[in-house]
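# Structural features, examined
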Amino acid sequence: MILALTRAVSPRIGECELTYLERSAIDVNRATAQHAEYEQRLRESGCVVHRLPAAPELPDAVFVEDAAVVLDELAVLTRPGAASRRAEVPSVAETLRPLRPLRFIDAPGTLDGGDVLRMGRDLFVGTSGRSNRAGIEQLAELVGVAGYRVHPLPFQGCLHLKSAVTAVSETTLLVDPRCVDPLEFPAFQSIEVHPAEPLAANALWLDGVVLYPAAFPLTRRRLERSGSHVMAVDASELARAEGGLTCCSLLLQVDEGMAAAR
Ligand code: CIR
């Protein structure tokens, strides 16, 4: 079964890191309600949801994806590119410790999980303001022993690689061509976001279902036309913090006993 690790929205989310977005007021109650709806959609999609310890003092703690890259064989704890986010990592490590062998990205390396797109045994890693060459090289070495190939990939105009491209099936990517060239992924089919919907490429694919922001109906239609079963989630308040749907969970395959013990 799939265990989805999440974390409560911090009451300080209004102090989050921002790179490409202008700061706008975030309604914490609304963000919390949207996050609860997101967790409910994960359950409806077959996940067991487990919340990491709350970290109210860390504004971006809800975006748990950035703290780790979890594979079937191991978990790599990151060293986030934003220094304000590094304190998020230890509690994620402690939660993952009984579930996976742990490895760590060390200084001077930096890596955000949001820059790591896994397609089978291939990890595409965005070279971003958050993930540097040393971090990507360390990742390649750590996961190489388990048979994963790392492909560094430049992109532009958005925070993380997974703001620009995500998987919507084992063989299909949802891509924003303004941020990354679909030709970078010759082995995969791609669906482009609707040109009127920038920053619409972050979808969360769970076997059989695509969770997708309600804010992008035109791209949603493209996904549905190509055969995806889409479940819409209103994540507009979390989007003000520059977060998408993949950012709010860490998904890992576990056996039933492990999930029950969480
Ligand atoms: C940040 O700038 O780090 C947060 N405000 C947003 C992180 C979103 N995470 C993600 O895309 N994986």
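Look up: the structure comes first, before these words.
In this text, all values refer to a predicted model and were calculated from it rather than measured experimentally.

Let us look at the overall build of the protein. Helix and strand content of the protein: 7 helices and 15 strands. For 262 residues, the compact-globule estimate of 2.2 N^0.38 gives 18 Å, and the C-alpha radius of gyration of the protein, at 17 Å, lies within 12% of that figure. On the principal axes, the C-alpha backbone points of the protein span a range of 40 × 40 × 40 Å. Split into buried and exposed, the 262 residues of the protein put 53% on the buried side. Of the roughly 11,200 Å² of accessible surface on the protein, 52% is carried by carbon and sulfur atoms.

Quick look at the site of the ligand now. Close contacts around the ligand come from 15 residues, with Glu17, Asp60, Asp66, Ala241 and Cys247 the closest. In the model, an oxygen atom of the ligand is placed 2.9 Å from a nitrogen or oxygen of the Arg85 side chain. For the ligand, the accessible surface in isolation is 350 Å², of which the surrounding protein chains cover 98%. Among the residues making up the shell around the ligand, the classes are represented as 5 nonpolar, 3 polar and 7 charged.

For the rest of this paragraph, the subject is the pairing of strand β2 (residues 47–51). The pairing of strand β1 (residues 2–6) with β2 spans 5 bridges and is classified as parallel. Among the inter-strand pairings, Ile2 is bridged to a residue of β2, identified as Cys47. Following the chain from β1 across helix α1 (residues 28–44) to the adjacent parallel β2, one finds a crossover that is right-handed.

On to the pattern of salt bridges, then. Counted under the stated rule, the structure contains 16 salt bridges. For Arg85, the salt bridge is made with Asp66, and the minimal N-O distance between the two is 2.7 Å. Here Arg85, found in the loop between β4 (75–77) and α2 (89–96), pairs with Asp66, found in the loop between β2 and β3 (68–70); they are 19 residues apart in sequence, far enough to count as distant. The pair formed by Arg85 and Asp66 is uniform in burial state, with each residue classed as buried. What emerges from the salt-bridge pattern is a single network uniting Arg30, Asp234, Glu237 and Arg240.

Quick look at empty space enclosed by the protein now. Under the counting rule described, the total for this entry stands at 1 cavity of 30 Å³ or more. Estimates place the volume of the largest cavity at around 90 Å³. Together, Glu17, Asp60, Phe63, Asp66, Arg85, Arg130, Leu159, His160, Ala241, Glu242, Gly243 and Cys247 line the largest cavity. When the residues that make up the lining of the largest cavity are grouped by side-chain class, the tally is 4 nonpolar, 2 polar and 6 charged.

Our focus in this paragraph is the sheet that holds strand β6 (residues 116–119). Taken in spatial order, the 3 strands line up as β6-β7-β8 in an open sheet, and their pairing is mixed. Each of the sheet's edge strands pairs with one partner strand only, and the pair in question is β6 and β8 (149–154). Mean inter-strand twist for the sheet, computed between neighbouring axes without regard to direction, equals 25 degrees. Sheet strands touched by helix α3 (residues 133–144): β6, β7 (122–127) and β8. Its angle to β7, the strand with the most contacts, is close to 170 degrees.

The rules behind the values
- Residues numbered from 1 in each chain as written.
- Predicted model: local features only at pLDDT ≥ 70, side-chain atom pairs only at ≥ 80, totals over all residues.
- Heavy atoms only, no water.
- Helix = DSSP H or I, 4+ residues; strand = E, 2+ residues; numbered from the N terminus.
- Rg over C-alpha atoms; globule rule 2.2 N^0.38 Å.
- Buried < 20%, exposed > 50% of the residue type's maximum accessible area, 1.4 Å probe, protein only.
- Areas by Shrake-Rupley, 256 points an atom, 1.4 Å probe, with all protein chains shown as cover.
- Near = heavy atom within 4 Å.
- Polar contact = N/O pair within 3.5 Å; in protein donor to acceptor, adjacent residues only side chain to side chain.
- Nonpolar A, V, L, I, M, F, W, Y, C, P; charged D, E, K, R; others polar.
- Pairing = 2+ DSSP bridges.
- Right-handed = clockwise from strand over helix to strand, strands pointing away.
- Salt bridge = Lys/Arg side-chain N within 4 Å of Asp/Glu carboxyl O.
- 1 Å grid on protein atoms, 1.4 Å probe; cavity = no way out; pocket = protein on both sides within 12 Å on 5 of 7 lines; lining within 4 Å.
- Points joined across faces, edges and corners; volume = space filled by probe spheres on them.
- Axes fitted to C-alpha atoms, helices over the stretch in contact; angles between N-to-C directions.
- Contact = heavy atoms within 4.5 Å.

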